[in-house]
2 protein chains.
Amino acid sequence: MQDLANALTLPDPLPLDSGAQLSPVTMAYQQYGALAEDRSNAIVIFHALTGDQYVASEHPVTGKPGWWDRMVGAGKPVDTDRFCVICANVIGGCMGSTGPASDGPGGKPYGTSFPVVTVHDMARGIARLLDALGIAKVHAAIGGSMGGMQALAFASDFPGRAERVLVLASAARQSAQNIAFHEVGRQSIMADANWNGGDYYDGAHPDAGLAVARMAAHITYLSEAGLTEKFGRRLHERDTKSFGFEADFQVESYLRYQGSGFTQRFDANSYLYITRAIDYFDLAEEHGGRLADAFAGTGARFCVVSFDTDWLYTTAESQHLVRALNAAGAPVSFVELSSPYGHDGFLLDTPGLDEVVRGFVG
Amino acid sequence: MQDLANALTLPDPLPLDSGAQLSPVTMAYQQYGALAEDRSNAIVIFHALTGDQYVASEHPVTGKPGWWDRMVGAGKPVDTDRFCVICANVIGGCMGSTGPASDGPGGKPYGTSFPVVTVHDMARGIARLLDALGIAKVHAAIGGSMGGMQALAFASDFPGRAERVLVLASAARQSAQNIAFHEVGRQSIMADANWNGGDYYDGAHPDAGLAVARMAAHITYLSEAGLTEKFGRRLHERDTKSFGFEADFQVESYLRYQGSGFTQRFDANSYLYITRAIDYFDLAEEHGGRLADAFAGTGARFCVVSFDTDWLYTTAESQHLVRALNAAGAPVSFVELSSPYGHDGFLLDTPGLDEVVRGFVG
């Protein structure tokens, strides 16, 4: 969707879990802080479903601050005065890394001829990027939500490459309910006449379908109590109900704004591919049903953080992961933080979060 | 949408909360059991958002048994050997009562020129139906979900007309989160190019948008644990993932089936109007912010039932209602039942439910 200064083409085709290969592969990334001469101070951050590489710098499309600006920077819990932070757009994404909007073999955008990728494929792409940057081992691998899944895949698939793994608001598998919500989003996109089987880059984009997908997902990122506190049943810019279908309630207006704003920075096909990757993720399944086996010989220390009002990736899912890490003999610490923000707790000013991250990153 | 044998045209226009009047008003209803000569044995059942009057008889479109067949019938907890059960399609609905698909003043379907109705308007329509049937007072008013809201509105707006009020899986107000989910459904319908501003009865209907709306809503009717137990991450009619966008998982296939099946029996505009009515419902707001005042002089006994895995209308919302009934001095019993079915618990074989209903109805 745009040319980015920090992008690198991988020297080799990227093998995918489906059996296909992706080539060429561009990895768009951002770097914050200087890499030490011995290359020992790299931290890799994996982004979530609708995130991107702009962790701590202005987003080129929205002009907003980076999505983890409050956590990453000089003197911040992930201190860029000490560490070199790398964050890359995932393959399948739409912020410069190779995805369905990229030109395929015929010189036209891939659309749905782009291969279905997995969370492991995403992690592999980023491992290859680290190879290309000469970073054999990272001081820490960090991610929230889908980023946490990538961090787990990175630790599992590349033993010894991460000294520390920090997983926030995530899980070792996607639940049935979460698959269901994703499927609603996909069906909404595919129901939009403009989607056109994924071949829409020359014309109108399926913005209406993508906006509805985002609206449905957005509800799952918040908590019921948070929504009640933030909006309750308050009316939007009116004193009485309209007895019509305008956005009478603030929560309606807010959701519509979230939906329409999202379409300006995200590609509908990427939304299909990335939700699919998350839904396919089940680290135990990929190890004969025993999650602990995914972490045999990982060599990393783990920290798992859940948020009490997160009903998308619950504390129970984090505890399930922690038990498996214990069974694998991996050093692991676990904390459930209390926050009103639901799943978004890992992105926001949740009490205690900064201290946990600072303490674990060291 | 169809002619029904049991339908009655109200003798007078129906005044609406918006200030508009609806005329003529057809009320389509079903009756189960004989009305006693003294007309003292009537029970009115109010249906939920996507329900209808076919409580205990075959649905004319789907051919399926009535939606509460297990609860209503000869010898069943609501015993039609003793009681005369009346259930009417709500105004705004699409099973025979006047709604957006009905012909408006110009002889064409109303579409979005149909007036926005409220839960109180629905209850008022049914009260007028009872008037027309010569039923001054009912032995019991019963409803689950939106049906419970109507039962509360009936008790509040027509003091003395109900001896007993049974409210299941419901609330005295619609929460911000529930408004948000409804708004996703409405936006999905309105995003469908076939919706055409509500004017689609001559052509293709907005089935794709309505199906997505139903899929999103359906998730909220179930519990996370129930979805995991029923589907988990099991694949649908395949041994391995397709690495495509087919319904790989059973839960996806199930949701798609729910979505497409729904479009065969429900009108998209009715979905807009009925969700709007629910979102507008806040019984306290309509009584100066004090819920107890809604029940001053009601004269009825109440029974409130919640379901522990229902996250759409939670036990906390039921308790909020019960406290208000206590404050109003109304006799009220409350029970939280344990069920794996989430919000759908009131429709399904929840342990203890039959006994509670039978005991309260008497």
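Since this is a predicted model, take the numbers as computed values, not measurements. (Residues numbered from 1 in each chain as written. Chains lettered and ligands numbered in written order. Predicted model: local features only at pLDDT ≥ 70, side-chain atom pairs only at ≥ 80, totals over all residues. Heavy atoms only, no water.)

Trainee: What is the right way to look at the environment of Pro15 of chain B in this model?
Mentor: All names here are of chain B. On the secondary structure map, Pro15 appears in strand S2 (residues 14-15). Spatially, the C-alpha atom of Pro15 lies 9.1 Å from that of Gly125, the residues being 110 residues apart in sequence. Excluding anything up to four places from it in sequence, Pro15 contacts Ala20, Gln21, Asp121, Arg124 and Arg128. (Helix = DSSP H or I, 4+ residues; strand = E, 2+ residues; numbered from the N terminus. Contact = heavy atoms within 4.5 Å.)

Trainee: Explain the pairing of strand S8 (residues 84-88) of chain A here, please?
Mentor: Across a regular strand the side chains alternate sides, sitting on one face of the sheet and then on the other. All names here are of chain A. In terms of burial, S8 is a largely internal element, five of the five residues being buried. Neither face of S8 is left uncovered, since the one carrying Cys84, Ile86 and Ala88 and the one carrying Val85 and Cys87 both have all their residues buried. Sheet analysis places strand S4 (residues 26-32) next to S8, joined by four bridges and oriented antiparallel. Of the residues in S8, the one forming a bridge with Gln31 is Ile86. Sheet analysis places strand S5 (residues 42-46) next to S8, joined by four bridges and oriented parallel. (Buried < 20%, exposed > 50% of the residue type's maximum accessible area, 1.4 Å probe, protein only. Pairing = 2+ DSSP bridges.)

Trainee: Help me out: how do you make sense of the environment of Ile91 of chain A in this one?
Mentor: All names here are of chain A. With respect to the secondary-structure elements, Ile91 resides in the loop between S8 and helix H1 (119-132). A C-alpha to C-alpha distance of 23 Å links Ile91 and Gly261, two positions 170 residues apart in sequence. Leave out the neighbours within four places in its chain, and Ile91 touches Leu14, Leu16, Leu22, Val25, Met27, Ser97, Thr98, Val117, Asp121 and Met122.

Trainee: I would appreciate a short explanation of the relation of the copies chain A and chain B in the present structure.
Mentor: Both copies of the chain are related by one operation, a rotation about an axis with a shift along it. Note on the copies: chain A fits chain B at an RMSD of 0.0 Å, the axial shift is 0.0 Å, and the rotation between them is 180°. Taken together, the rotation and translation describe the operation of a two-fold axis. Comparing contact sets, 100% of the residues at the interface of chain A also lie at the interface in chain B, consistent with an isologous, same-surface contact. (Least-squares fit on C-alpha atoms with pLDDT ≥ 70 in both.)

Trainee: It is not clear to me how the packing of helix H1 (residues 119-132) of chain B against helix H2 (residues 146-157) of chain B should be interpreted in this structure. Could you clarify?
Mentor: Helix packing geometry: the angle between the two helix axes and the distance between the axes. Residues and elements named next belong to chain B. For the pair H1 and H2, the least separation of the axes is 8 Å and the interaxial angle reads 70°. Overall, the two elements H1 and H2 adopt an arrangement that is roughly perpendicular. Classified by chirality, the crossing of H2 by H1 is right-handed. Listed contacts from H2 to Val119, His120, Met122, Ala123, Ile126, Ala127 and Leu130 of H1 are Met146, Met149, Gln150, Ala153, Phe154 and Asp157. A breakdown of the residues in the contact of H1 with H2 according to their chemical character gives ten nonpolar, two polar and one charged. (Axes fitted to C-alpha atoms, helices over the stretch in contact; angles between N-to-C directions. Parallel < 35°, antiparallel > 145°, perpendicular 65-115°, else oblique. Left-handed = near helix turned anticlockwise from the far one by under 90°. Nonpolar A, V, L, I, M, F, W, Y, C, P; charged D, E, K, R; others polar.)

Trainee: Can you walk me through the packing of aromatic side chains in this structure?
Mentor: Two descriptors summarise a pair of aromatic rings, namely the distance from one centre to the other and the angle between the planes of the rings. One pass over the structure, following the stated rule, counts 32 aromatic pairs over all chains. Pairing Phe181 of chain A with Trp311 of chain A gives two aromatic rings, centres 6.0 Å apart and planes at 70°, and the pair type is edge-to-face. You can see Phe181 of chain A sitting in helix H3 (residues 176-191) and its partner Trp311 of chain A sitting in the loop between strand S11 (301-307) and helix H8 (315-327), a full 130 residues away along the chain. Ring centres of Phe181 of chain A and Phe181 of chain B lie 6.1 Å apart, and the angle between their planes is 20°; on these two criteria the pair is classed as stacked. Of this pair, Phe181 of chain A sits in helix H3 while Phe181 of chain B sits in helix H3 (residues 176-191), on two different chains. Of the two residues, Phe181 of chain A and Phe181 of chain B, both sit in the buried class. Clustering of aromatic rings is evident, with ring pairs tying together Tyr110, Phe114 and Tyr273 of chain A together with Phe245 of chain B. Above the ring of Phe262 of chain A, the side-chain terminus of Arg214 of chain A is found at 4.5 Å from the ring centroid. The cationic tip of Lys241 of chain B hangs over the ring face of Tyr280 of chain A; the distance from NZ or CZ to the ring centre is 5.2 Å. (Phe/Tyr/Trp six-rings, centres within 6.5 Å; stacked < 30°, edge-to-face > 60°. Lys NZ or Arg CZ within 6 Å of the ring centre and 35° of its normal.)

Trainee: Mind showing me how you'd approach the pairing of strand S4 (residues 26-32) of chain B here?
Mentor: Residue and element names in this part refer to chain B. Of all seven residues making up S4, five are buried, and the element is well covered by its neighbours. The pairing of strand S1 (residues 7-9) with S4 spans three bridges and is antiparallel. Opposite Ala7, over in S4, you have Ala28 as the bridge partner.

Trainee: Looking at this structure, I do not really get the sheet that holds strand S10 (residues 164-168) of chain B. What am I missing?
Mentor: Within a beta sheet, neighbouring strands are joined by backbone hydrogen bonds and run either parallel or antiparallel to one another. Residue and element names in this part refer to chain B. The strand order across the open sheet built from eight strands is S1-S4-S8-S5-S9-S10-S11-S12, with neighbouring strands paired in mixed fashion. This sheet does not close on itself; its edge strands, each paired only once, are S1 and strand S12 (332-337). Pairs of neighbouring strands in the sheet enclose a mean axial angle of 20°, with direction left out of account. Of the strands in this sheet, S10, strand S11 (301-307) and S12 are in contact with helix H8 (residues 315-327), which crosses S11 at around 165°.

Trainee: What exactly am I supposed to notice about the state of the cysteines here?
Mentor: Disulfides are covalent bonds that connect the sulfur atoms of two cysteines. If you walk through the whole model with that rule in mind, you get zero disulfides over all chains. A disulfide-free cysteine, Cys94 of chain A has its sulfur positioned 13 Å from the sulfur of Cys87 of chain A, the nearest such atom. Here Cys94 of chain A falls in the buried class, since its relative accessible area comes to 2%. Free cysteine: Cys87 of chain B, not disulfide-bonded; nearest cysteine sulfur from Cys84 of chain B at 12 Å. (Disulfide = S-S within 2.5 Å.)

Trainee: How should the pattern of salt bridges be read in this particular structure?
Mentor: Side chains that carry opposite charge are capable of pairing whenever their charged atoms lie near each other. According to the stated counting rule, one finds 37 salt bridges over all chains in the structure shown. With a closest N to O distance of 2.8 Å, Asp279 of chain A and Arg186 of chain A form a salt bridge. Taken as a pair, Asp279 of chain A in helix H7 (residues 268-280) and Arg186 of chain A in helix H3 lie far apart in primary sequence, 93 residues in all. No difference in accessibility class separates Asp279 of chain A from Arg186 of chain A, as the two residues are buried. Among the ionic pairs, Arg173 of chain B bridges to Glu317 of chain B, the shortest N-O distance being 3.2 Å. Of this pair, Arg173 of chain B sits in the loop between S10 and H3 while Glu317 of chain B sits in helix H8; the two residues are 144 residues apart in sequence, bridging distant segments of the chain. (Salt bridge = Lys/Arg side-chain N within 4 Å of Asp/Glu carboxyl O.)

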